[in-house]
Structures are given as C-alpha cells and as structure tokens.
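# Observations on the model geometry
Read off the chains here:
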Amino acid sequence: MTFNFRPALYRNSTLFELPRPITTLRVLDAWDFEQFKVPLADGDRLYGHSRAGIDLSIEGRTGTHAGILCATEETMLDTLSLLGEAFDITSDEDRYELFLYHDEASGTYRKYRSCATVRFEYDLSSPHLFTWSAVIHAEDPRLYTTAPGV
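So, here is what we can say about the structure in this document. Residue positions are given per chain, counting from 1 as you read along its sequence in written order. Totals for whole chains, interfaces and linings use every residue, but because this is a predicted model, local features are given only for residues with pLDDT of at least 70 and side-chain atom pairs only at 80 or more, for both listing and counting. Excluded from the side-chain calculation are hydrogens and water; included are all heavy atoms of the structure.

## Notes on the overall build of the protein
In plain terms, the rule: The way it works is that DSSP assigns letters per residue, a run of H or I at least four long becomes a helix, a run of E at least two long becomes a strand, and they are numbered from the N terminus. The rule is simple: take the accessible area with a 1.4 Å probe, protein chains only, and divide by the maximum for that residue type; under 20% is buried, over 50% is exposed, in between is partly exposed. Throughout, a contact is declared for two residues whenever any of their heavy atoms are within 4.5 Å. Areas reported here follow the Shrake-Rupley algorithm with a probe of radius 1.4 Å; residue values treat only the protein chains shown as occluding. The convention is simple: Lys and Arg are positive, Asp and Glu are negative, and His and the chain ends are not counted. All charge positions are set by atom: Lys at NZ, Arg at CZ, Asp at CG, Glu at CD.
A tally of helices and strands in the protein yields one helix and eight strands. The helix and strand sequence of the protein, counted from the amino end, reads β-β-β-β-β-α-β-β-β. Each principal axis of the C-alpha atoms in the protein carries an extent, and together these give about 65 × 40 × 30 Å. For the protein, buried positions account for 33% of its 150 residues. Taking all contacts inside the protein whose residues are at least 6 apart in sequence as the whole, residues at least 24 apart take part in 64%. Accessible surface for the protein amounts to roughly 9,000 Å². Of this, 51% is attributable to carbon and sulfur atoms. Here the protein contributes 14 positively and 23 negatively charged side chains, and the mean placements of these two sets differ by 8 Å.

Listed below in structure tokens is the structure:
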C-alpha cells in the first residue's frame, strides 16, 4: 500500500491539490466540557465531554501546483488566486473534503469531511517563492479512509 502525503480539496467531483511544498500541517483536536469547582475544596470536576470539530492549520509555498513548476511571480500569483477560489465558502453546499493522503491506484485515502475555510492568507514579499497559510475547520472530527465523495 502506498501512503502519499498529498493534501487536496475535493468538491463537486473535482480534486484540487494544494500548492507544494507543504511546510506545516497541524491538527487541533479538542473536547468541550463543563468544569465545576466546589468552594473550599481542593480540585475540580469535568463533566459532559464531547468531541468538537477539528481545526487544521496548513502552511505552504507556491513552488509547484499539480506537478507543474511555478517559476514566475505571475504563475505563483495565479496559483494563489486558484487556491483562494478553491477555499471559498459561500453556503453549506460549498463544504468540501480535505484529503491529507490519497493514492487512487492503491485505494489509500485519509480525509476529513464537511470542511470549511476559516482563514486564508498569503505573503508576496519574496519574489522567489510566495508563502500561504490556511485554517480549515472540519465539523466531523473523524478521519475517514474512503474515496472521494464516499
């Protein structure tokens, strides 16, 4: 089985690979709960644990996109424009799947469903390689192993 780190968005039967290299991908998994403290007693109690959605923080550069070298400032800026369009969310129907790993040939997938972009920013100050970062929220905290759209 091949395990390829290839972050991509999947929406409306279209797979959009994120520009590479991806320099950082952090996953924040959190739980909600209520915390109670009794006055004059040491310690406290936590009740009602429930898992929250997942926040993913991704940072990358515009070196390549979909296997094509981004060699000029124009192609890097065009790539960032496409990335912004891919991240755009205007309704609940625009939510997407975020793949961390995918290899169609071997059927290897790891993805989050029901994702929405929280923040997208990019830095154009280096003419050699633009950087970008995004925060994505997955409402469903489960990491799925199914193919796109399933």
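## Focus on the pattern of salt bridges
Opposite charge on two side chains makes pairing possible when the charged atoms of those side chains draw close. We apply this condition: Each salt bridge in this description consists of a side-chain nitrogen of Lys or Arg and a carboxyl oxygen of Asp or Glu lying within 4 Å of one another.
One pass over the full model with this rule turns up six salt bridges. The salt bridge involving E139 is made with R95; its shortest N-O contact spans 3.3 Å. Separated by 44 residues along the polypeptide, E139 in the segment after strand 8 (131-138) and R95 in the loop between helix 1 (73-87) and strand 6 (96-103) bring together distant segments of the chain. Given a relative accessible area of 25%, R95 falls into the partly exposed group. Each of D92, R95 and E139 takes part in a single network of salt bridges with overlapping partners.

## Some details on the nonpolar core
As a reminder, the rule being used: Take the buried Ala, Val, Leu, Ile, Met, Phe, Trp, Tyr and Cys residues and link them wherever side-chain atoms come within 4.5 Å; each set so joined is a nonpolar core.
One finds L9, L18, F87, L98, W132 and I136 to be the most contacted residues of the largest nonpolar core, which totals 23 residues. The set of elements that each furnish at least two residues to this core consists of strand 4 (45-65), helix 1, strand 6, strand 7 (108-123) and strand 8. Among the elements that make up this core, the one with the highest residue count is helix 1 (five residues). When residues no more than four places from it in sequence are discounted, the contact partners of I136 are L9, I54, D55, L56, I58, F87, Y96, L98, C115, A116 and V118.

## Observations concerning the packing of aromatic side chains
How we decide: Geometry of aromatic contacts follows a simple scheme: Phe, Tyr and Trp rings, the Trp one being its six-membered ring, pair when their centres are within 6.5 Å, and the pair is stacked under 30 degrees between planes, edge-to-face over 60, tilted otherwise. Only lysine NZ and arginine CZ atoms are considered, and such an atom sits over a ring when it is within 6 Å of the ring centre and within 35 degrees of the ring normal.
Within this structure, the stated rule accounts for seven aromatic pairs. On the basis of an interplanar angle of 55° and a centroid distance of 5.2 Å, the ring pair of F87 and F120 is categorised as tilted. Highlighted residues: F87 in helix 1 and F120 in strand 7, separated in sequence by 33 residues. Joined through ring pairs, the aromatic side chains of F87, F120, Y122 and W132 make up one cluster. Lying across the ring of Y144, R113 places its NZ or CZ 3.7 Å from the centre.

## Some remarks on a nonpolar patch on the surface
Put simply, the test is: Patch criteria: residues need more than 30% relative accessible area and no salt bridge. Like-charged residues are merged within 9 Å; nonpolar side chains of Val, Leu, Ile, Met, Phe, Trp and Tyr are merged within 5 Å.
Residues W31, F33 and L46 make up a contiguous nonpolar surface patch of about 290 Å² in total accessible area. Position of L46 among the secondary structure elements: in strand 4.

## Digging into the pairing of strand 6
Keep this limit in mind: We call two strands paired when DSSP finds no fewer than two bridges between them.
The buried count for strand 6 comes to seven of eight residues, which makes it a mostly enclosed element. Sheet topology places strand 1 (residues 5-11) next to strand 6; four bridges connect them, and they run antiparallel. Bridge pairing in strand 6 places L9 opposite L98. Here strand 6 folds back onto strand 7, and the loop between the two strands holds four residues, one of which, G107, carries a positive phi near 75°.

Just distances and angles here, no functional claims.
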